[in-house]
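Chain by chain, the residues:
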Amino acid sequence: MIGRLNHVAIAVPDLTAAADQYRTALGATVGEPQDEPDHGVTVIFIELPNTKIELLYPLGEGSPIQGFLDKNPAGGIHHVCYEVDDIIAARDHLKSTGARVLGDGEPKIGAHGKPVLFLHPKDFNGCLVELEQV
């Protein structure tokens, strides 16, 4: 069911500084900021040869990323995203094993324009997991 690693998401307190660090210090290809109001974030994707890094910054009131940064002021890894072929089949299978799907359990459209779901970190060894249909 689980496919390749799509990205690792890192919450950052300063989006511009983080993007500049990846661009300048690491020589990475850094995308443009992209607002995702349905998810309460602004994202920048960093393209790597084998996957992506997603920089996350709070957008709007009640952003879940602001809560994360309040607890982790320097930022940190927020979640990992795995690809799945059929997000509904993956959701149903995971729920049958006792895994909790966050929100209302229905996929939302993510930053790549594809359906995504998030799984409760307590069900995955303390790691917030995003699934993205490819």
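Before reading on, note that the structure itself is shown above.
The model shown is predicted, which means the values in this text are computed figures rather than measured ones. Starting from 1, residues in each chain are numbered consecutively following that chain's sequence as written. The predicted origin of the model limits local features to residues at a pLDDT of at least 70 and limits the giving and counting of side-chain atom pairs to 80 or more, whereas totals for whole chains, interfaces and linings rest on all residues. Computation of side-chain values: all heavy atoms of the structure, hydrogens and water removed.

A. Here's a closer look at the side chain of Lys52. Along the chain, Lys52 falls in strand E5 (residues 52-58). Buried and unpaired, Lys52 has no salt bridge, with Glu47 as the nearest side chain of opposite charge at 5.1 Å. By the convention used here, residues are in contact when the closest approach between their heavy atoms is within 4.5 Å. Contacts of Lys52, omitting those with residues within four sequence positions, involve Arg4, Asn6, His7, Val8, Phe45, Ile46, Glu47 and His112. Strands here are runs of E lasting at least two residues and helices are runs of H or I lasting at least four, both read from the DSSP assignment and numbered beginning at the N terminus. A simple rule labels every residue: compare its accessible area, found with a 1.4 Å probe on the protein chains alone, to the largest value its type can have, and call it buried under 20%, exposed over 50%, or partly exposed in between. Here the positive residues are Lys and Arg and the negative ones are Asp and Glu; neither His nor the chain ends is included. Salt bridges are counted wherever a side-chain nitrogen of Lys or Arg sits within 4 Å of a carboxyl oxygen of Asp or Glu.

B. Up close: the side chain of Arg91. Relative to the helices and strands, Arg91 is located in helix H3 (residues 87-96). Each polar contact in these results corresponds to two N or O atoms within 3.5 Å; when the atoms are within protein, one needs to be able to donate a hydrogen and the other to accept it, and residues that are neighboring in sequence are counted only if both atoms are side-chain atoms. A polar contact is formed between the side chain of Arg91 and the backbone oxygen of Gly105, at a distance of 3.1 Å. When residues no more than four places from it in sequence are discounted, the contact partners of Arg91 are Val101, Gly105, Glu106, Pro107 and Leu117.

C. Structural detail: the pairing of strand E4 (residues 41-47). Of all seven residues in E4, six are buried, a share of seventy percent or more. Note that strand E2 (residues 29-30) and E4 share two bridges and pair antiparallel. Along E4, the bridge assignment pairs Thr29 with Glu47. At least two DSSP bridges between two strands are needed for those strands to be called paired. Two elements, strand E3 (residues 34-36) and E4, share three bridges in a ladder whose sense is antiparallel.

D. Focus on the pattern of salt bridges. A full pass over the atoms with the stated rule returns five salt bridges. The partner of Arg4 in a salt bridge is Glu83, with the nearest N and O atoms 3.3 Å apart. With a gap of 79 residues between them, Arg4 in the segment before strand E1 (5-11) and Glu83 in strand E6 (residues 76-84) connect regions that are remote in the sequence. Residue classification places Arg4 among the partly exposed positions, given a relative accessible area of 43%.

E. Seen up close, helix H2 (residues 64-71). Those residues of H2 lying buried are Ile65, Phe68 and Leu69. End-on view of H2: buried residues confined to an arc of 95 degrees, all on one side of the axis. Seen from the buried face of H2, the exposed residues on the opposite side, beyond 90 degrees, are Pro64, Asp70 and Lys71. Contacts made by the buried residues of H2 are with E1, E4, E5 and E6. By arc we mean the arc of the directions from the helix axis to the C-beta atoms, nothing more.

F. Spatial organisation of helix H1 (residues 15-24). Listed in full, the buried residues belonging to H1 are Leu15, Ala18, Ala19 and Tyr22. Relative to the axis of H1, the buried residues are bounded by an arc of 95 degrees and lie together on one face. Looking at H1, the residues exposed on the side facing more than 90 degrees away from the buried face are Thr16, Gln21 and Thr24. Buried residues in H1 make contact with E1, E2, E4 and E5. Two or three places before Thr16, at the start of H1, stands the capping residue Asp14, its side-chain oxygen 3.2 Å from that residue's backbone nitrogen.

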